[in-house]
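# Overview (structure and organization)
What follows is each chain in one-letter form.
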Amino acid sequence: MLASTGIAAVGTAWYVAYLTVGAGSEALAYVFVPAGGVLATAAVLHMLRGGALNPVARRFWRALLGAAGVITIGYGWLAVDMLTHAAEARTRSMPLPAAACVAIGFGTAIWAVARVPVVLPGGVEWWRMVLDRTIAFLGCATVLWYLGLAPMFSAEEPWSRQAMALVGLAFLVAVGAATKVSYVLGGPVDRVALRLVAASGGVTAGIVAVLAVRFGYAAGIAAQAVVMPLTPVLATLGVAAQWRADLGLRRAPARSGVLLPYLAVLAVDVPLVAVAAGAPLGWPVRVVLVAAVVVTALVGARQFIAFRENARLLRNTRLQEERLQYEVSHDALTGLANRALFRDRLATALAATAPASVLLVDLDDFKTVNDLLGHGVGDRLLVSVARLLRAEVGEHGLPVRVAGDEFAVLLTGADADPEELAGRLLSALNRPISEHRLLVQASIGIAAAEPGATVDSVLRDADVAMYTAKQRGKASFVRYADGMGEPVLAHMQLGGELRRALDNDELRVVYQPILRLRDNRLVGVEALVRWHHPTRGVVCPGEFIPAAERTGLIVPLGRFVLRETCRQAAAWSSEYGPDALREAGLNVSARQLHDPDFVSDVAAALADSGLPCERLVLEVTESAVLRGQQVSRALYELDRMGIRLSLDDFGTGESSLSLLRAFPAAIVKLDKSFVDGIEIDDGQPAAADARQAVARAVIQLARALRLDTVAEGIENAAQAAVLRELGYTCGQGYHLARPMTADGVSRLLARQQTVASADR
Ligand code: C2E
Ligand code: MG
Ligand code: MG
């Protein structure tokens, strides 16, 4: 770039010196163009070798390399010819081979520019582009007409028709090229580079043409020494622009050619001003006037399009704003107001000290629906609940989806009755909803805005009330009352304390013996966890297992029980012989079965303790087994490993019988509720039969399926006798043995060993 600019500068300096002091021969003027041409050719070659161009750009620049090379050769030829005939320089015309080279070179360059693809817009944009191009074309053409072609027509010494046709064609091509390249938006060839390349030919050709027409051949020297060396300068600038674009140094423009129509209007004004200044009103001037009117009309049309476009954009923006406003304040799935809008409205009601109350509606066991039937069904259920909520609430309140399966209603207005609405909601939910005919229930907490209440305090009260409703047995509503928060809070704190308990070793495992009913021989144990709480003493699992499941702490807790039980069972086996205790069982909750690491945890615990697989029993409840595919897979994998699976609390679930076929169970544990009262003999055989019906059915089924049986919760000898008679092989209960420490079990095992050896 520097070198070619230097050559152009030297050319200018030489021309000034030539004009003022007559320095050197006129033939020298012809040296600068080929010198610059060599540099421009080298620049393109250098980029083609080093730059990482895409194929289309490479093709363009290769054509340009050829063009620059041929043009340089042509001008070089001319320079040599001039220098060797320095004396007759002014009268010599261009040698034919040189002229041919230049013509071929420029033709190639124009062809290359014309081939660069342009990205065309669609719709209104396309019309605007067509108008813009026409305006730009007419504007440029008018100027060139007025400055160039018109003087040719009106010259005293008329130009030949061929010359005029040639110059006219050149004008059209130049103006067309300028219009095209000004609209290239992006694409393979850098748009700035393309414009510089087009300008390198067009601008200099234009100036030279105007110089020739206005000043005749006398301008030739100036053209050779000053104007035409600009061509290589602009070409090298174009190379630099492409290079910068490939290196990512320039950002792509959002729009291009925006200003061109306005420049065109200005351009048309130039001859108009000249006309106003008193130029004769010949026909070339009339052409200018017509062009001016057409251009003005087109600009008007373009403005109209722009106006309509702006109006449309404004409308779109407004719509978009409204949509955004709606989106940030509404739930996408159900279309109900979201938490943000809810808080906003509640705050407004509180600020106006208007009566307001909040109903917090939480679906019971929604997670089960999601787990069993999939999220698609869960989503549709939520949509149905939202529809129901909207219908029941009507215009007197704002239904809201707070999060997940939690909904809310904000009731304002003096005559609103939240209890009445809660009752209506619960009874509406009593009917199956959604296309899956699902029966869902909800727990509802109600809180009213007391004087001095804040958004957070009202929501907290409603939360506590809802929590209390859930604890009171679900499918009910509770209105917040003072003091209601403490037990709920205590329950919530349990989660936090449990974490600490795990870290501080406050958990212990006790074992409840399982005995053979025939001879009361110890055949197994069930591990039951206990929490030795520092202030509350021993806490039973019924109190903290639900909290552990909710918080996910059941996973580490369960792992602890698993490892402890395996270790202990292996220790008993090595101390009292492998047959002293047939099996050790422990409870596994659904959440643990969902844990992808569960199976490998079990395998590791067995491997680390050395306990054989078939000595471990995992107790699962029916509801846990029905928790979807992941759980099913885990259970089958455990079964394949040889671990025995036991169905705990059997008979209390809804699908106990069908479950037995679909699940690889080895043992069923008859639930305590079917053992209770089994022994009562009030002299009415029919009533006694009814009380024993389930126990009887279960043992028949177990026999048919070859499953082992354990009857749970045996509290007296009579129960044990009836169960034995019915065919139950094993039993567990306070009558047989209470849950005890590992030492207690050790003592039982020791006694059993002595009895056995005495028998022998
Ligand atoms: P479960 O698996 O059905 O365990 C039997 C429960 O019945 C135990 O209560 C046991 O102490 C009690 N029980 C045994 N015989 C009698 C009896 O004759 N009469 C009465 N009234 N009760 C009897 P516990 O230890 O309070 O455990 C309650 C439940 O907590 C267990 O029911 C089990 O589902 C769960 N659980 C206990 N330990 C764990 C554990 O480590 N992990 C998991 N996931 N759950 C556990
Ligand atoms: Mg159990
Ligand atoms: Mg049980």
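A few points on the structure. The structure presented is a predicted model; accordingly, all values stated were derived computationally and were not measured.

Rules used in this analysis
Residues numbered from 1 in each chain as written. Chains lettered and ligands numbered in written order. Predicted model: local features only at pLDDT ≥ 70, side-chain atom pairs only at ≥ 80, totals over all residues. Heavy atoms only, no water. Patch = residues over 30% accessible without salt bridge, like charges linked within 9 Å, V, L, I, M, F, W, Y side chains within 5 Å. Areas by Shrake-Rupley, 256 points an atom, 1.4 Å probe, with all protein chains shown as cover. Salt bridge = Lys/Arg side-chain N within 4 Å of Asp/Glu carboxyl O. Helix = DSSP H or I, 4+ residues; strand = E, 2+ residues; numbered from the N terminus. Near = heavy atom within 4 Å. Polar contact = N/O pair within 3.5 Å; in protein donor to acceptor, adjacent residues only side chain to side chain. Donors = N, O, S within 2.8 Å, 3.2 Å for Na, K, Ca; no water. Buried < 20%, exposed > 50% of the residue type's maximum accessible area, 1.4 Å probe, protein only. Core = buried A, V, L, I, M, F, W, Y, C linked by side-chain atoms within 4.5 Å. Contact = heavy atoms within 4.5 Å. Axes fitted to C-alpha atoms, helices over the stretch in contact; angles between N-to-C directions. Parallel < 35°, antiparallel > 145°, perpendicular 65-115°, else oblique. Left-handed = near helix turned anticlockwise from the far one by under 90°. Nonpolar A, V, L, I, M, F, W, Y, C, P; charged D, E, K, R; others polar. Pairing = 2+ DSSP bridges. Expected span 1.5 Å × (residues − 1). Bend = angle between axes of the 7 residues up to and from the residue.

What follows deals with a nonpolar patch on the surface. A surface patch of nonpolar side chains, amounting to about 210 Å² of accessible area, comprises L28, V31 and L83. For V31, the location among the structural elements is in the loop between α1 (2-21) and α2 (32-50).

The next subject is the site of ligand 1. The environment of ligand 1 is made up of 23 residues, and the closest members are R530, N587, D648, E715 and Y734. Interatomic distance of 3.1 Å between a side-chain N/O atom of Q512 and a nitrogen atom of ligand 1. In isolation ligand 1 offers 800 Å² of accessible surface; the protein chains occlude 80% of this area. Put simply, the parts of the chain that give the shell around ligand 1 at least two residues each are β7 (522-533), α18 (541-551), α19 (554-576) and β11 (644-650).

Moving on to the coordination of the magnesium ion (ligand 2). Binding of the magnesium ion (ligand 2) to the protein goes through E526 (OE), N587 (OD1), E619 (OE) and D648 (OD), at separations of 2.0 to 2.2 Å. The motif formed by the donor residues of the magnesium ion (ligand 2), counted along the single chain, is E-x60-N-x31-E-x28-D. Here the magnesium ion (ligand 3) and the magnesium ion (ligand 2) are spaced 4.1 Å from one another, each receiving a donor from D648. Of this pair, E526 sits in strand β7 while E619 sits in strand β10 (residues 616-621), and the two are 93 residues apart along the sequence. E619 carries the same exposure label as E526, and that label is buried.

W572, L616, L618, L647, F663, L723 and Y728 are the most contacted members of the largest nonpolar core, which has 82 residues in total. For this core, the element with the most residues is α19, which contributes ten residues. Once residues within four sequence positions are removed from consideration, W572 is found in contact with Y511, V525, G577, L581, A742, V745, S746 and L749. If you look at the next biggest cluster of nonpolar residues, it comprises 29 residues, including V361, L382, L426 and I444.

Those protein atoms acting as donors to the magnesium ion (ligand 3) are D648 (OD), D649 (OD), E712 (OE) and E712 (OE), and they sit at 2.1 to 2.6 Å. Sequence positions of the donors to the magnesium ion (ligand 3) reduce to the motif D-D-x62-E. According to the relative accessible area criterion, D649 is partly exposed, its value standing at 26%. For E712, a relative accessible area of 11% puts it in the buried group.

Turning our eyes to something else, we now look at the packing of α2 against helix α3 (residues 55-84). At a minimum axis separation of 8 Å, α2 and α3 run at an interaxial angle of 160°. The pairing of α2 with α3 is recorded here as roughly antiparallel in orientation. Read as a crossing pair, α2 and α3 show a hand that is left-handed. Touching V33, P34, G37, V38, T41, V44, L45, M47 and L48 of α2 are R58, W61, R62, L65, A68, G69, T72, Y75, G76 and A79, all from α3. Within the contact of α2 with α3, the residues separate by chemical class into twelve nonpolar, five polar and two charged.

A few words on the pairing of β11. Across the seven residues that make up β11, a large majority, six, are buried. Relative to β11, β10 runs parallel, the two being bridged by five bridges. Across the sheet, L618 pairs through a bridge with L645, a residue of β11. Bridge count between β11 and strand β12 (residues 667-670): three bridges; the pairing is parallel.

For helix α17 (residues 485-503), spanning 19 residues, the distance from its first C-alpha to its last is 28 Å, which sits close to the expected 27 Å at 1.5 Å a residue. Approximately 30° is the largest bend angle found in α17, and it occurs at G495. Among the residues of α17, G485, V488, L494, G495, E497, L498, A501 and L502 are the ones counted as buried. Following α17 by one or two positions, D505 has its phi on the positive side, about 65°.

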